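Listed below, chain by chain, are the residues.
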Amino acid sequence: MSSPVTIVNISEINQDTAEKLLKAAHTQGFIYLSGTGLTQLDVNKAFDASRALFSLPDEEKSRYKITPANRGYSKMFMENLDPDVSKTGDPKEAWNIGAITKQEDGSYTAEQDMPKAAEQYYADISTFQQKCYDLMRKILLLLGMSLKIDKEAGGDNYFVERHDPNKLSGSILRMLHYPGISEDDLGKPERGIRAGAHTDYGSVTLLFQRPGDVPGLEIYSPISKKWELVPVEDAPGGLNDDCAPVLVNIADQLSYWTAGLLRSTIHRVRFPVDKTCGERYSIAFFGHPDHDTLLSPIPSELVQKREGRGANAKGEKILTAGEHLRKRLDATYSY
Ligand SMILES: O=C(O)CCC(=O)C(=O)O
Ligand SMILES: [Fe+2]
């Protein structure tokens, strides 16, 4: 199957890689990255944890209901990403997991209440969270390089300095589970929409999929102006080699911040309803700037010449990343 999303190898951090990333982020807003430094084993372990958490009884999962701090479990139909289209909410379930950290005595603690069964996965989840943070910062370094940000303002590290793992931010790991299409769903298009059309809220999102699972993610391509299915890429090697290409997309805050130069593309998860199909698991890492980051125009000539858009619009109150996020979350959930 041909893919609307190009693959960029980021194993070499240099200007050439940075330009390739910028081109994809500006045109399609979605990019597959290879050479990320994560192994297939890292990713498989995260999916093992995900399957264990979703297979808990509904009654137990409901005890950890998602909070206004955006942590916890969101059950089937609870989230509605596109209320104009869906009256029922999205047929999917999700676990939002904040930082799990290693203590001096070697034990791990979660910043939120978690089921007992999750504890055996804490070390793996914590490692995975750190690797996601590292990958996000690598992407942000490359984007900083590509925008040729003024040296006195922070230069290549402008974005990296504003995504500090030790500061409060909206960054969150989210495990997702979409049930497949059953006999009862056949011929009913609204049942095929597993996650309504939306854009993401933060700076960049990393999406991990399982090679072999049903695909389902569709992007509204800014190039073809059509919905296009994004195939799931295969892993190139064994368990200890690079993982399957990671799907990365630019989200709203980074798009706003760069006056639309980097594109936040609309996407959804949809299964065709003309035949039954199996379930899909995915894991998203939503990277966000630190809450106190001012989303003021980026000091880069490439951004400044885009007058009147996003953070460049005159008369716009400059929001912090935390304020921007709060507005979006309050519009999506019924807590
Ligand atoms: O699960 C997927 O493939 C996409 C999920 C997504 O777009 C989201 O949760 O924001
Ligand atoms: Fe999304």
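Preceding this section is the structure that the text describes.
Residues numbered from 1 in each chain as written. Chains lettered and ligands numbered in written order. Predicted model: local features only at pLDDT ≥ 70, side-chain atom pairs only at ≥ 80, totals over all residues. Heavy atoms only, no water.

A.B. asks: Sorry if this is basic, but what is going on with the side chain of Glu-93 here?
C.D. replies: Counting through the fold element by element, Glu-93 comes out in strand β4 (residues 93-97). The exposure class of Glu-93 is buried, given its relative accessible area of 6%. Within the structure, Glu-93 has its side chain in polar contact with the side chain of Tyr-73 (distance 2.4 Å). In this structure the side chain of Glu-93 is engaged in a polar contact, spanning 2.7 Å, whose partner is the side chain of His-177. If we skip the residues at most four places from it in the chain, Glu-93 touches Phe-54, Lys-61, Tyr-73, Ser-74, Lys-75, Met-76, Met-175, Leu-176 and His-177. (Helix = DSSP H or I, 4+ residues; strand = E, 2+ residues; numbered from the N terminus. Buried < 20%, exposed > 50% of the residue type's maximum accessible area, 1.4 Å probe, protein only. Polar contact = N/O pair within 3.5 Å; in protein donor to acceptor, adjacent residues only side chain to side chain. Contact = heavy atoms within 4.5 Å.)

A.B. asks: Sorry, what's going on with the sheet that holds strand β11 (residues 227-229) here?
C.D. replies: Note on sheets: strands pair through backbone hydrogen bonds, and any given pair is parallel or antiparallel. Across the sheet, which stays open at both edges, the 4 strands sit in the order β8-β13-β10-β11 with antiparallel pairing between neighbours. Only two strands of the sheet have a single partner each, and these edge strands are β8 (193-198) and β11. Ignoring which end each strand starts from, the neighbouring axes of this sheet average 25 degrees apart. One ladder, built from 3 bridges, connects β8 with strand β13 (residues 267-270); its direction is antiparallel. Bridge pairing links Ile-193 to Arg-270 in β13. (Pairing = 2+ DSSP bridges. Axes fitted to C-alpha atoms, helices over the stretch in contact; angles between N-to-C directions.)

A.B. asks: Mind showing me how you'd approach the environment of Asp-200 here?
C.D. replies: Among the secondary structure elements, Asp-200 is positioned in the loop between β8 and β9 (204-209). A sequence separation of 87 residues divides Asp-200 from Gly-287, and the C-alpha atoms of the two residues are 9.8 Å apart. With sequence-adjacent residues up to four places away left out, Asp-200 is seen in contact with Thr-205, Asn-249, Ala-251, Asp-252, Ser-264, His-267 and Phe-286. A polar contact is formed between the side chain of Asp-200 and the side chain of His-198, at a distance of 3.1 Å. A distance of 3.2 Å separates a polar atom in the side chain of Asp-200 from a polar atom in the side chain of Asn-249.

A.B. asks: Sorry, what's going on with the environment of Ser-50 here?
C.D. replies: Secondary-structure assignment places Ser-50 in helix α2 (residues 40-54). For the pair Ser-50 and Leu-147, spaced 97 residues apart in sequence, the C-alpha to C-alpha distance is 36 Å.

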